[in-house]
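# Structural overview
This is what each chain is made of:
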Amino acid sequence: MTNADIRVEKGHAGPEEVAAITAILLARAARPSEPTPAHRGRLKAGWRRLEREGGFRAPHSWR
């Protein structure tokens with residue numbers, strides 16, 4: 001093996017250990033990615049920033 005794709009930086013790995021980690025990395029790379037959900041629930045945050053609110057809200061208002 002003159003031109004290795006995987007190199008051990010620290011320690012001494014045998015050929016079996018390098019083959020095992022290569023198999024794991026290839027299996028993980030070949031695994032299909034999980035689809036991300038397009039919408040995760042709320043459209044608006046459940047909290048509000050008080051400095052962006054008006055100074056007074058009428059007692060009979062809904063907000």
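Going by the structure above, here's the rest.
Residues numbered from 1 in each chain as written. Predicted model: local features only at pLDDT ≥ 70, side-chain atom pairs only at ≥ 80, totals over all residues. Heavy atoms only, no water.

## Describing the overall build of the chain
- Looking only at helices and strands, the chain features one helix and zero strands.
- Residue burial in the chain is summarised as follows: out of 63 residues, 2% are buried.
- Counting only carbon and sulfur atoms, one obtains 56% of the accessible surface of the chain, whose full area is about 7100 Å². (Helix = DSSP H or I, 4+ residues; strand = E, 2+ residues; numbered from the N terminus. Buried < 20%, exposed > 50% of the residue type's maximum accessible area, 1.4 Å probe, protein only. Areas by Shrake-Rupley, 256 points an atom, 1.4 Å probe, with all protein chains shown as cover.)

## What to know about helix 1 (residues 15-30)
- Here helix 1 spans 22 Å end to end across 16 residues, near enough to the 22 Å set by a 1.5 Å rise per residue.
- When you tally the buried positions in helix 1, you get one out of 16 residues, a small fraction of the element. (Expected span 1.5 Å × (residues − 1).)

## Side note on the environment of Ile6
- Within the secondary structure, Ile6 sits in the segment before helix 1.
- Classification of Ile6 by relative accessible area gives partly exposed; the value is 36%.
- Expressed as a C-alpha distance, the spacing of Ile6 and Thr22, which sit 16 residues apart in the sequence, is 8.0 Å.
- The contact partners of Ile6, leaving out residues within four places of it in the chain, are Val18 and Thr22. (Contact = heavy atoms within 4.5 Å.)

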